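Observations on the three-dimensional arrangement
As a plain string of letters, each chain reads:
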There are 2 protein chains.
Amino acid sequence: MSGAKQVISIAIDIMGSDFAPESEIKGAIEFLKENSDKNIRLYLVGKEDVIKSEIDKNPSIKNYEYEIVNADQVITMSDEATAGVKSKKNSSISIGLDLLKENKVNAFISAGNTGAMLSTATLKLGRINGVSRPTIGSFFPTLKSNPTLLLDVGANSEVKPQFLYEFAVMGQIYLSEMYNIKNPSIGLLNIGEEEKKGTETVQEAYQLLKESGLNFIGNIEGRDIFPGTADIVVCDGFVGNIILKFAESFIVFFKETLKKYANESAFNKLKVGLMASTIKDIFRGFDYQDHGGVPLLGVNGVVIIGHGKSTPKAIKNMLNTALITYTKEINKKIEISLQSS
Amino acid sequence: MSGAKQVISIAIDIMGSDFAPESEIKGAIEFLKENSDKNIRLYLVGKEDVIKSEIDKNPSIKNYEYEIVNADQVITMSDEATAGVKSKKNSSISIGLDLLKENKVNAFISAGNTGAMLSTATLKLGRINGVSRPTIGSFFPTLKSNPTLLLDVGANSEVKPQFLYEFAVMGQIYLSEMYNIKNPSIGLLNIGEEEKKGTETVQEAYQLLKESGLNFIGNIEGRDIFPGTADIVVCDGFVGNIILKFAESFIVFFKETLKKYANESAFNKLKVGLMASTIKDIFRGFDYQDHGGVPLLGVNGVVIIGHGKSTPKAIKNMLNTALITYTKEINKKIEISLQSS
């Protein structure tokens, strides 16, 4: 076997993003180019004719190993979360996850409907031993050199204290493996610093985290996220989702306010024009493309979810995230960690 | 009685803000000057010697009607919320609220410890008939001409559906009376637009609001706050408090990021220098001074709470808010509205 490199197979939903199939195919090519030293095979899942016609526009993918897997249906952003197991069993999300379930691939990525990915993956793949609920995280820019991972951002609108503890464990393994952050600090999102603040659930979670052996630094308030006070912030998916969407809207708010201001006078327009590139530089931390999607942590398989507005760069980074999550055996490490706790 | 104007008495906590007593006395003078056509009497509550020495620095207050009410104790920002009724019964907050309870004044304002104000006011004054839980709101800047009132922002970390409905009623009366917004629109903060999204509590609240006769426009997501999609957004105090503190930290984050960027090169420094005044203009909507504090809605008395960092202008506006809340009989209108529903 010496010299023969292991083949790593990744399935990619070609129909997922708002810019599908172009972003997906271009991102896939960039990924394959970057990882040409490895033995990688991509499974392009989606409508065969759509994929073939996109490949005609981007023939350089033919230099690499790939296979087209036809999926007649597409889950749109407006479909129900259960579509993948009910009305659209032949969707790219369902078929991609089937490939993963049947061990034909090592990972699956999609920039499609997050709710459908979550439900379909959880139902098809099941949970990692020891995990009560899968979770989705998101990276927030901070004033420090590394972003903060906030989880859950929407998978679980109601949680038990144990779930919050498990989110912390999963986040800790993910951050330390993916980003080489040693012993990342963990904060519990709350409305005050004191142990006895907030709901009963967070008060109990506080005790679990305090006794866990994790690098728990206590309660984190809304104002502590941007300063990067904790590497990982755990919360229920209700508040996490609202915070995430609120943060994303800040850039829109800022740009729109800037536009209104520019329209007030010619002098204002000039000033705003001079600022444009600076503002762009400043907001680079908000660029979700760089983070390459987020793993659906806790399901029994490597599943990476991307932003609907994924560019080729974002898709490439999602594929890289999938590759590392698989090769570093993050799921196995989560299982071991939760079983020994 | 013809010609004799009604005396309106307002008690003000002179020890409350981070800049006390200076902000309080200067703000009081500005308020009295602005309302010199009315018959107003201020009760300055706090340490007598501190107040007297501040008046020596600002003798123009002597042109108006005022009275000093000594309070030996001060509730600090680090005191427990129960301090006002336990360890610090002689604090300016307690004594000010006693004046209100005993009908010696028509309103009380403080820029001190919000938790202590909430607890002490609720215990001393009780609730308006028909109100299950008092609430505190906060104004968020929007892309529209008027800000959005978000409530609750911390008074109730756990809520029942009925509380959320009552917050909507109180917010609706407050906005329409204070800002002449006719039939303000009401949104329910949630993690999706559909009726069946989110926790059981918000799903039930959705039905209550839908059947209420209020101008309910459905669920509002985190991204809908800044666009000003709803005039009023209701949520539990856990998510509301986190969102509020997170929003306040945006400006800090932005300024710090700008500073870091400026320090990268002399050219960057120049660019940032040119932007400074523009940025200031753009963030004017975030200036809590203009909103003049927020009422503690639902307690049986006019109580206005201010930001710890209240400037004289903020104090002046808080006094104006108190005056209008009292003269427009907002509490009576809340009572009538909730009893008839």
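A quick note: this is a predicted structure, and the numbers were derived from the prediction, not measured. (Residues numbered from 1 in each chain as written. Chains lettered and ligands numbered in written order. Predicted model: local features only at pLDDT ≥ 70, side-chain atom pairs only at ≥ 80, totals over all residues.)

**Here we look at the interface of chain B and chain A**
Of the residues lining the interface, 36 residues belong to chain B; the matching set on chain A comes to 36 residues. Only helix 7 (237–262) and helix 8 (266–282) of chain B provide two or more residues apiece to the side of chain B that touches chain A. Looking at the side of chain B that touches chain A, the element that brings in the most residues is helix 7 of chain B, giving 16 residues. Considered class by class, the residues forming the side of chain B that touches chain A number 19 nonpolar, nine polar and eight charged. (Contact = placed C-beta atoms within 7 Å. Helix = DSSP H or I, 4+ residues; strand = E, 2+ residues; numbered from the N terminus. Nonpolar A, V, L, I, M, F, W, Y, C, P; charged D, E, K, R; others polar.)

**Re the sheet that holds strand 2 (residues 40–46) of chain A**
Residues and elements named next belong to chain A. The strand order 3-2-1-4-11-10-5-6-9-7-8 describes an open sheet built from eleven strands, whose pairing is mixed. Taken across any chain shown, the strands that pair with only one partner, and hence form the sheet edges, are strand 3 (65–70) and strand 8 (216–220). Here the strands of the sheet are splayed against their neighbours by 25° on average, with no regard to which way each runs. Note that strand 1 (residues 8–13) and strand 2 share six bridges and pair parallel. The partner of I12 across the bridge, within strand 2, is L44. (Pairing = 2+ DSSP bridges. Axes fitted to C-alpha atoms, helices over the stretch in contact; angles between N-to-C directions.)

**Topic: the nonpolar core**
The biggest cluster of nonpolar side chains holds 210 residues, and the ones touching the most others in it are I10, I12 and V234 of chain A together with I10, I12 and V234 of chain B. Setting aside anything within four residues of it in sequence, one finds I12 of chain B in contact with E24, A28, L42, Y43, L44, V45, I109 and L319 of chain B. (Core = buried A, V, L, I, M, F, W, Y, C linked by C-beta atoms within 7 Å. Buried ≥ 20, exposed ≤ 12 C-beta atoms within 10 Å, placed from the backbone.)

**Brief notes about the domain arrangement of chain A**
Residue and element names in this part refer to chain A. What the domain assignment lists for chain A is domain 1 (1–131 + 298–330) and domain 2 (137–287). The C-alpha centroid of domain 2 is placed 27 Å from the C-alpha centroid of domain 1. Residue composition of the side of domain 1 that touches domain 2, grouped by class: four nonpolar, one polar and one charged. (Domains from an automatic or database assignment.)

**Notes on the packing of helix 5 (residues 161–179) of chain B against helix 6 (residues 200–210) of chain B**
Each packed pair of helices is defined by two parameters, the angle between the axes and the distance between the axes. All names here are of chain B. Where helix 5 contacts helix 6, the axes come no closer than 8 Å and their chain directions differ by 45°. In terms of orientation, helix 5 and helix 6 fall into the oblique class. Where helix 5 crosses over helix 6, the two elements pack in a sense that is right-handed. Facing P161, Q162, L164, Y165 and A168 of helix 5, the residues of helix 6 in contact are T201, E204, A205, L208 and L209. Considered class by class, the residues forming the contact of helix 5 with helix 6 number seven nonpolar, two polar and one charged. (Parallel < 35°, antiparallel > 145°, perpendicular 65-115°, else oblique. Left-handed = near helix turned anticlockwise from the far one by under 90°.)

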